[in-house]
Structures are given as C-alpha cells and as structure tokens.
Amino acid sequence: YDVILTRADDTFIPLKDRSIIANNAKADIFVSIHCNATVNHDATGTSVYTQSETPPGVYPNQEESRRLASNIHKELLRSLGLNDAGIRRKNLSVCRETNAPTVLIEVAFIDNKIEEILLNIPEFQQAAAKAILKGIENYFAGGM
C-alpha cells in the first residue's frame, strides 16, 4: 500500500484539506483514525463512522464505505476486546468531502480512565494498527 499521512504530528490540518489531500492523490480509500471523547467518562468502546444518508443519495460511496467500516470494525473488536460502540452514520466532513470510500475510526475513549491507559500502551496501539490493516486487507479481498 502507498499510505499518505495527512499529518505526522499534532499539527492541525483543516478537515476540508484532509479530503483535498486524499482527492488529489486519487486515494482508493480514506481512513481517519481518532480517539473518542465525551462528557460521560464511563463511555467505552470502539466505533467506526461512515457518512449519514441525509439527504439520501448525495454520497456516492455509502455502500463501499459501510463495507470498509464493517471489515475494520470486526477486526478491531476481535483484536482489542473493547465494547462494541457500533458502526455509526454521521454527517462528517472527511466522509462527506472525500471521493473515495471513507471511514472515521474511534479506537477507544481517551477520557475513560481504563481506555486511556490502554491507548498509551505500545502493544495496544500496535494491535489496533494491525486490526485496521487486516480490515483493509479483507475489504480489498472482497470481504463482507
């Protein structure tokens, strides 16, 4: 795979610019990796987002994005053993503005004390990366 990072450090890249980078590269897929956060510090789990269907038919890669999300989500759950926070649909800039099938991954909750500890463990980070890779490989192999 030819991987293009939109950033390699904590420098903020505007959301629309992230999609522009992917679109200019004619990316086959776009995967945005995050740590979730909420006011409920008891919230746990792994979730993967795709573009919402509102309004219907606007986003041309809905089905392929859902298939990509399913493959990645399945592998993250299997590898990390975290709560299943679901595959969700939301109107997100990177999903909406990117031409390729796109997912936004919330690996775990950074404001949950247990998951914050996990997120700081290199082996957990490696397990998450390998799970995402396996999900991508399954997607390109025609999975789900």
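Structure report, in brief. Just so it is clear, the structure is predicted and the values come from calculations on it, not from any experiment.

## Section: the overall build of the protein
- Helix and strand counts for the protein come out as five helices and four strands.
- The N-to-C order of helical and strand elements in the protein reads α-β-β-α-β-α-β-α-α.
- For a compact globule of 144 residues, the expected C-alpha radius of gyration is about 15 Å, and the protein comes in at 15 Å, within 12% of that figure.
- Along the first, second and third principal axes, the C-alpha atoms of the protein reach 40 × 35 × 30 Å.
- Buried positions account for 42% of the 144 residues belonging to the protein.

## Some points on the nonpolar core
- Grouped together as the largest cluster of nonpolar side chains are 19 residues, with contacts concentrated most on Leu68, Ile72, Leu76, Leu80, Val103, Ile105 and Val107.
- At the level of secondary structure, the elements contributing two or more residues to this core comprise α2 (62–80), β4 (102–109) and α5 (122–140).
- The element contributing the most residues to this core is α5, with six residues.
- Setting aside chain neighbours within four positions, we find isoleucine 72 in contact with Val31, Val103, Ile105, Ile132, Gly135 and Ile136.
- Membership of the second largest hydrophobic core comes to seven residues, among which are Phe30, Tyr49, Leu92 and Cys95.

## Details of α5
- Over its 19 residues, α5 extends 27 Å from the first C-alpha to the last, a length consistent with the 27 Å expected when each residue adds 1.5 Å.
- Within α5, the full set of buried residues consists of Phe124, Ala128, Ala131, Ile132, Gly135, Ile136 and Tyr139. When α5 is viewed along its axis, its buried side chains cluster within an angular range of 135° and face the same direction. Facing away from the buried side of α5, by more than 90 degrees, are the exposed residues Pro122, Glu123 and Lys130.

## Quick notes on unusual backbone geometry
- With a phi close to 55°, lysine 26 is a non-glycine residue in the positive phi region.
- With respect to the element layout, lysine 26 can be found in the loop between α1 (15–24) and β1 (30–36).

## Side note on the packing of aromatic side chains
- Under the defined criterion, the tally for this structure stands at two aromatic pairs.
- On the numbers, 5.1 Å between centres and 70° between planes, the contact of tyrosine 139 with phenylalanine 140 is edge-to-face.
- For phenylalanine 140, a relative accessible area of 40% translates into the label partly exposed.
- These aromatic residues form a ring-pair network of at least three members: Tyr1, Tyr139 and Phe140.

## Focus: the pairing of strand β2 (residues 46–51)
- Within β2, six of the six residues are buried, leaving the element largely enclosed by the surrounding structure.
- Of the pairings in the sheet, the one linking β2 to strand β3 (residues 84–90) comprises five bridges and is parallel in character. If you follow glutamine 51 over to β3, its bridge partner there is lysine 90.
- As judged from the three bridges shared by β2 and β4, these two strands associate in the antiparallel manner.

Cut-offs applied
Residues numbered from 1 in each chain as written. Predicted model: local features only at pLDDT ≥ 70, side-chain atom pairs only at ≥ 80, totals over all residues. Heavy atoms only, no water. Helix = DSSP H or I, 4+ residues; strand = E, 2+ residues; numbered from the N terminus. Rg over C-alpha atoms; globule rule 2.2 N^0.38 Å. Buried < 20%, exposed > 50% of the residue type's maximum accessible area, 1.4 Å probe, protein only. Core = buried A, V, L, I, M, F, W, Y, C linked by side-chain atoms within 4.5 Å. Contact = heavy atoms within 4.5 Å. Expected span 1.5 Å × (residues − 1). Arc of directions from axis to C-beta. Phe/Tyr/Trp six-rings, centres within 6.5 Å; stacked < 30°, edge-to-face > 60°. Pairing = 2+ DSSP bridges.

Keep in mind these numbers describe shape, not what the thing actually does.
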